[in-house]
Amino acid sequence: MTASDIQPTEPNTPPTPHADTRLVDRTKLSKMYQHYVEVKDKHPHALLLYRVGDFFETFFQDAVTVARELELVLTSKHGGEVGRVAMTGVPHHAWERYTTQLVEKGYAVVICDQVEDASEAVGLVRREVTRILTPGTLLEEGMLKSSRNNYLAAVVIAVNHWGLAYADISTGEFLTTQDSDLERLTQELMRLQPSEVLVPTNAPDLGSLLRPGETSPSLPECLPPSFCYSLRSQLPFSQAEARSTLLQKFKVRSLEGLGCDHLPLAVRAAGGLLEYVEDTQKAGQVSLQRLRTYTITDYLIVDNQTRRNLEITQTVRDGTFHGSLLWALDNTSTAMGSRALRRWLLQPLLDTKGIRSRQDTIQELVQNTPLRQDLRHLLRQIYDLERLTGRASSGTANARDLVALADSLSRLPELANLVAEANSPFLKALQKVPPILEELAQKIHAHLVESPPLHIKEGGLIRPGVNPLLDERKATVEADHQWIANLEVDERARTGIPLLKVGFNETFGYYISISRAKADQVPPNYIRKQTLKNEERYITPELKEREARILTARDDLHKLEYEIFVTLREEVGEQAEAIRNLSRAVAAADVLCGLAELAVHQGYCRPEMVNGRELKIVDGRHPVVEQSLPAGFFVPNSTELGNSEETASLPDLVILTGPNASGKSCYLRQVGLIQLMAQIGSFVPAKSARLGVCDRIFTRVGAVDDLATGQSTFMVEMNETANILNHATSRSLVLLDEIGRGTATFDGLSIAWAVAEYLAMEIRSRTIFATHYHELNELAGMLPNVANYQVTVKELPDQIIFLHQVQPGGADKSYGIEAGRLAGLPAVVIQRAKQVMGQIEKHSKIAIGLQNLD
Ligand SMILES: Nc1ncnc2c1ncn2[C@@H]1O[C@H](COP(=O)(O)OP(=O)(O)OP(=O)(O)O)[C@@H](O)[C@H]1O
């Protein structure tokens, strides 16, 4: 197949009946289509993009799908004796853009590229599958979001136990875990938000990729429907296969060193995942870091509901990043740092030592302003080393990637210098740069030109002096070019035609151009090649000889440059682990430097992390609301929780009352966010804080109908409350907003009362319970570890002023009727509501009744 075989798309041609490879008579297909169908048979569940000249074409059923999904014209092409087959194509240079769209829509895409030069091919150009792209196996820069990891996960479930492995093949991260309770698996998947999840199955739809929302009977119920699932064969996930895949990959004799030898389900998930990665990467080698085994309970557990309610990565109202905690905290200077901060926020620590070493680093950077500023300045010059390394080791990096990588590597010694005197752990980690990485940077700089072209097969990459053969060939080509340049001058002199020119075009190559008026003066060795309106074009045997030499030499030159480049790229790939180890240190330092900057500018303090259950915050603020209000407008509030022998006066449970919109929800969230920030090692928005480490944070905030599962507001609320009561411990922090609102007043109040009592007496978790049921204030008089707080307002004759101050005591009214008046309810309705309330208050015996319960 040559370039001339490229079929132009033929719009307006109706699609032929041949839109299904399974129904077509293959013997009547032309050779290229036969090959296409063979490849398609091997990848029935993916879309096959098949290189034909300057296009990636799709045929048959894939053409129909691609045309529909990308809104391209569906056309057709002659496929041999069978007649026409459906076709849709995209220009080869734009394949990434189109493939990204397909992968984002949840399709797997197989790239079948030409692997030999079309001009050198004898017969059909050789084509091979070079890449299989699925949502979880992307490496291309344009397909990935720089600020977040792209996780591929694999799950293996055995009754109530499960193994989960996940990897980001663009950065090399690879982890596995095992646990019981399928609810925890769901939660872990929700934390990771993987782009693709591998599930081993025996089902008939094996090999297919279920797009988000698609269902299959082979999918276990505990797997949330919002992800993409790849249904895979059981074999690579079997204990024996998975074990041997891992042993081979990491060149170890036993899995002990990887920490998972006693976790069969974790091993099976990791082995199956690895096999899939190798299967999809075809041409390239993906370098995953050594597998790490982790335990879910080693981290602060924040369930999906709480993550949502605390708006950690996106807001509840419109799902945007702007307005989330991550948005407020992200002051990082590198993409690696930005990804690391997200990971930290989604997996805060339990271990006080780990927290303190992060705090120490922030503290050093807070105190040393020049160091902090220089560090930020230098970090900004470091590109995404993790992903650049990933592309280098998988063979997808171009020369610009390697130059960017070398530029970044060469900043590392400067970084080491800058932190040479530093004392804190995360800065010390930057003090040593392995000499091999410095040498690698120098080598790349010495080999590649400063601004290499995008394409790596068209020369112009390698500096002179790198390879004698290359220099020799360059010199020959240059001499030939010079000969051609001289030719114009020489021939003008020889022929006496002053306007004679030497030109070049792709079709004829080099030629001598003379105006038609002078055509009678051409020497006899000129051979006429083309006649234009005002011009005749000639060639000479010597010119053609030089041309052939130049073109061959140029091709050789490009090939040699490419070979030198590939060798260099492989050398980078060999250092992937060392580069990534250092990248992780850079990412961590970047996160901490950003948090230090924030601490300085927003006036955050270092929380004192203690071992008990104490939670003391003096003048705490909400880190996001504070940033969205003008400076000084946010009203700080203190919190004291955690009853123990040493802190006998502190309550475990606070009943928080106050009018609508006074700031109850904001206060609840503020406490949760401060605790969470403290457990990622950050400083916190407060004057001072003493915080015991929490094992879990639970929230129940707001009331939203879960339309997707058809549950009512009240049922959602009850499910969430049940989850809290069943899982909270005395080390948990529980934040409840308006329990029992979605049902009849007495039912709601009774449930709220019983829940509060259970939390305070049985679980003894630290709890803030915001409510409009003022009757709950009675609890404080009955239980020693319950206290009442209220958010205060100032009442004027015709308006309420929100003071947003949390103070001891219970509010005795809700101002709900005032809020209704302000919202514009008719005066008669307001008047009547006041009358009704007066009557109810007079006759209500709820509180009295409750006191008499015991
Ligand atoms: N401490 C504060 N300082 C300044 N403004 C605040 C403070 N707390 C809350 N606000 C402002 O008040 C608004 C209402 O707060 P919030 O939603 O927390 O009220 P609420 O008491 O939970 O109301 P409702 O009972 O109706 O849910 C917030 O949007 C915020 O802008």
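Residues numbered from 1 in each chain as written. Predicted model: local features only at pLDDT ≥ 70, side-chain atom pairs only at ≥ 80, totals over all residues. Heavy atoms only, no water.

Looking at an unreviewed UniProt entry, one finds the chain named DNA mismatch repair protein MutS and attributed to Anabaena azotica FACHB-119. UniProt lists a comment for the chain under the heading Function (unreviewed entry), and it reads "This protein is involved in the repair of mismatches in DNA. It is possible that it carries out the mismatch recognition step. This protein has a weak ATPase activity." Heading Sequence similarities (unreviewed entry) of the UniProt record for the chain holds this comment: "Belongs to the DNA mismatch repair MutS family." (UniProt positions renumbered as here; feature names shortened; annotations may be inferred.)

Colleague: Mind showing me how you'd approach the overall build of the chain here?
Modeller: Summing up its helical and strand segments, the chain has 26 helices and 28 strands in all. If you line up the chain on its principal axes, its C-alpha atoms span 125 × 70 × 65 Å. Considering the chain as a whole, with its 854 residues, one finds that 53% of them fall into the buried category. Summed over its atoms, the accessible surface of the chain is roughly 38500 Å², and 51% of this surface lies on carbon and sulfur atoms. Of the side-chain charges in the chain, 90 are positive and 106 negative, and the distance between the mean point of each set is 2 Å. (Helix = DSSP H or I, 4+ residues; strand = E, 2+ residues; numbered from the N terminus. Buried < 20%, exposed > 50% of the residue type's maximum accessible area, 1.4 Å probe, protein only. Areas by Shrake-Rupley, 256 points an atom, 1.4 Å probe, with all protein chains shown as cover. Lys, Arg positive; Asp, Glu negative; His and termini not counted. Charge placed at Lys NZ, Arg CZ, Asp CG, Glu CD.)

Colleague: What's the story with the packing of aromatic side chains in this structure? I'm lost.
Modeller: The description of two aromatic rings rests on the distance between their centres and on the angle between their planes. Enumeration according to the criterion identifies eleven aromatic pairs in this entry. Aromatic side chains Tyr151 and Tyr166 sit 4.9 Å apart centroid to centroid with 75° between the ring planes, which places their arrangement in the edge-to-face category. Of the two residues, Tyr151 is situated in the loop between strand S6 (127–133) and strand S7 (152–158) and Tyr166 in strand S8 (residues 161–168); the sequence distance between them amounts to 15 residues. Accessibility expressed as a relative area gives 3% for Tyr166, which makes it buried. Aromatic ring contacts, followed pair by pair, group Tyr33, Tyr36, Tyr50, Phe59 and Phe60 into a single cluster. Of note, Arg51 hangs over the ring of Phe56, and the distance from its end group to the ring centre comes to 5.6 Å. In this structure, Arg358 packs its charged tip against the face of Trp344, placed 3.5 Å from the ring centre. (Phe/Tyr/Trp six-rings, centres within 6.5 Å; stacked < 30°, edge-to-face > 60°. Lys NZ or Arg CZ within 6 Å of the ring centre and 35° of its normal.)

Colleague: Help me out: how do you make sense of the site of the ligand in this one?
Modeller: The full set close to the ligand counts 16 residues, and Val635, Ala661, Lys664, Ser665 and Cys666 are the nearest of them. Val635 is positioned such that a nitrogen or oxygen atom in its backbone is 2.8 Å from a nitrogen atom of the ligand. A distance of 3.4 Å is found between an oxygen atom of the ligand and a side-chain nitrogen or oxygen belonging to His772. Tallying contributions element by element places helix H20 (residues 664–679) first for the shell around the ligand, with three residues. Here the shell around the ligand is composed, by residue class, of seven nonpolar, seven polar and two charged. (Near = heavy atom within 4 Å. Polar contact = N/O pair within 3.5 Å; in protein donor to acceptor, adjacent residues only side chain to side chain. Nonpolar A, V, L, I, M, F, W, Y, C, P; charged D, E, K, R; others polar.)

Colleague: Mind showing me how you'd approach the sheet that holds strand S25 (residues 733–737) here?
Modeller: Adjacent strands of a sheet form backbone hydrogen bonds with each other and so pair up, either parallel or antiparallel. Spatially, seven strands are ordered S14-S24-S25-S26-S22-S27-S28 in an open sheet, and the strand pairing comes out mixed. With partners counted over all chains shown, the strands left at the sheet margins are strand S14 (301–302) and strand S28 (799–808), one partner each. Direction of pairing for strand S24 (residues 696–700) relative to S25: parallel, over a ladder of four bridges. Along S25, the bridge assignment pairs Thr699 with Leu735. Contacts between H20 and the sheet are confined to S14, strand S22 (653–657), S24, S25, strand S26 (766–770), strand S27 (786–796) and S28, with S25 contributing the most and set at about 160° to the helix. Against the sheet, helix H21 (residues 713–727) engages S24 and S25, with an angle of about 155° to S24. (Pairing = 2+ DSSP bridges. Contact = heavy atoms within 4.5 Å. Axes fitted to C-alpha atoms, helices over the stretch in contact; angles between N-to-C directions.)

Colleague: Looking at this structure, I do not really get the UniProt feature "binding site: ATP" (unreviewed entry) in the chain. What am I missing?
Modeller: Taken from the UniProt record, the annotation "binding site: ATP" (unreviewed entry) applies to Gly658, Pro659, Asn660, Ala661, Ser662, Gly663, Lys664 and Ser665. In this structure Ala661 comes out as exposed when scored by relative accessible area, which is 61%. The contacts of Ala661, once residues within four sequence positions are left out, are Phe802 and His804. Inspection of the secondary structure puts Lys664 in helix H20. Overall, the relative accessible area of 6% leaves Lys664 in the buried class. A distance of 2.9 Å separates a polar atom in the side chain of Lys664 from the backbone oxygen of Gly658.

Colleague: When you look at the side chain of Thr332 in this model, what are you seeing that I'm missing?
Modeller: As for its placement among the helices and strands, Thr332 is situated in the loop between helix H8 (325–329) and helix H9 (335–346). A distance of 2.5 Å separates a polar atom in the side chain of Thr332 from a polar atom in the side chain of Asp330. Here Thr332 is in contact with Gly337, Ser338, Asp590 and Val591, once residues within four sequence places are set aside.

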